[in-house]
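Examination of the molecular architecture
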Amino acid sequence: MSSAVSTSSHTSHAVLALYRSLLRTSRRFEGYNFREYAARRTRDGFRIHKDETDPRMIEILLRQGEEQLAVLRRQTAISQMYKFDKVVVDTAPKKHVVRS
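Remember, predicted model here, so these are calculated numbers, not experimental data.

**Here we look at a nonpolar patch on the surface**
A surface patch of nonpolar side chains, about 570 Å² in accessible area, is lined by Phe-34, Ile-78, Met-81, Tyr-82 and Phe-84. A relative accessible area of 40% places Ile-78 in the partly exposed class.

Structure below.
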């Protein structure tokens, strides 16, 4: 039983690490639209599969996510080679929202 629990814990840690890596990598795009699109696709993809319980399917999804992370890293490297003009949304100062 502890093996199943540790495997589940390992899997949930791997999923969370992949999610964070995808979001972190998406922030490295130079262009605002690319950056927002990559972050939105990441969130949507994880949201769609949040209730997945089949271990084989989770492994397949993790593998696909790792492949997408590799693609995203290559694309951000290419993006950083070219400078884009800042869009209005990108140049506006960020407002810090204080939540209570």
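Having put the structure on the table, let's press on.
**Structural notes on the pattern of salt bridges**
Two side chains that carry opposite charge are able to pair once their charged atoms sit near each other. Evaluation of the coordinates by the stated rule reveals one salt bridge. Measuring nitrogen to oxygen at the nearest pair gives 3.0 Å for the salt bridge that ties Arg-47 to Asp-44. You can see Arg-47 and its partner Asp-44 sitting in helix α2 (residues 32-48), three residues apart, about one turn around the helix. Classification of Asp-44 as partly exposed rests on a relative accessible area of 31%.

**Comments concerning the nonpolar core**
If you look at the biggest cluster of nonpolar residues, it comprises eight residues: Leu-18, Leu-22, Phe-29, Ala-38, Ile-58, Leu-62, Leu-69 and Leu-72. At the level of elements, α1 (2-26) and α3 (55-79) are the ones that each hand at least two residues to this core. It is α3 that contributes the most residues to this core, four residues altogether. The residues touching Leu-62, leaving out its near neighbours within four places in the chain, are Thr-11, Ala-14, Val-15 and Leu-18.

**Thoughts on the side chain of Ser-26**
Of note, Ser-26 is situated in helix α1. The exposure class of Ser-26 is buried, given its relative accessible area of 1%. Residues within four places of Ser-26 in sequence aside, it is in contact with Arg-35, Ala-38, Ala-39 and Leu-72.

**Observations regarding the side chain of Arg-35**
Checked against the element boundaries, Arg-35 lands in helix α2. In terms of polar contacts, Arg-35 uses its side chain to reach the backbone carbonyl oxygen of Phe-29, at 2.9 Å. Those residues in contact with Arg-35 that lie beyond four places of it in its chain are Ser-26, Arg-27, Phe-29, Glu-30 and Asp-90.

**Things to note about the environment of Thr-11**
Examined against the element boundaries, Thr-11 turns out to sit in helix α1. On the accessibility criterion, Thr-11 (15% relative accessible area) is buried.

Rules used throughout
Numbers given for residues are sequential positions, taken from 1 along each chain in its written order. pLDDT decides what is reported in this predicted model: residues at 70 or higher carry local features, side-chain atom pairs at 80 or more are listed and counted, and totals for whole chains, interfaces and linings draw on all residues regardless. Remark: hydrogens and water are excluded; side-chain values derive from all non-hydrogen atoms of the structure. The patches described consist of residues with a relative accessible area above 30% and no salt bridge, like charges being joined within 9 Å and nonpolar side chains (Val, Leu, Ile, Met, Phe, Trp, Tyr) within 5 Å. A 1.4 Å probe and the Shrake-Rupley method give the accessible areas. Residues count as covered only by the protein chains that appear here. Salt bridges are defined as contacts in which a side-chain nitrogen from Lys or Arg sits within 4 Å of a carboxyl oxygen from Asp or Glu. For the exposure calls, accessible area comes from a 1.4 Å probe over protein chains only, and a residue counts as buried if that area is under 20% of its type's maximum, exposed if over 50%, partly exposed in between. To qualify as a helix, a DSSP run of H or I must reach at least 4 residues; to qualify as a strand, a run of E must reach at least 2; elements of each kind are numbered from the N terminus. Only buried residues count toward a nonpolar core, which is a set of Ala, Val, Leu, Ile, Met, Phe, Trp, Tyr and Cys residues joined through side-chain atoms within 4.5 Å. Here, residues are in contact when the closest pair of their heavy atoms is within 4.5 Å. Here a polar contact is taken to be a pair of N or O atoms separated by no more than 3.5 Å, where protein atoms must pair a possible hydrogen donor with a possible acceptor and residues adjacent in sequence count only if both atoms sit in side chains.

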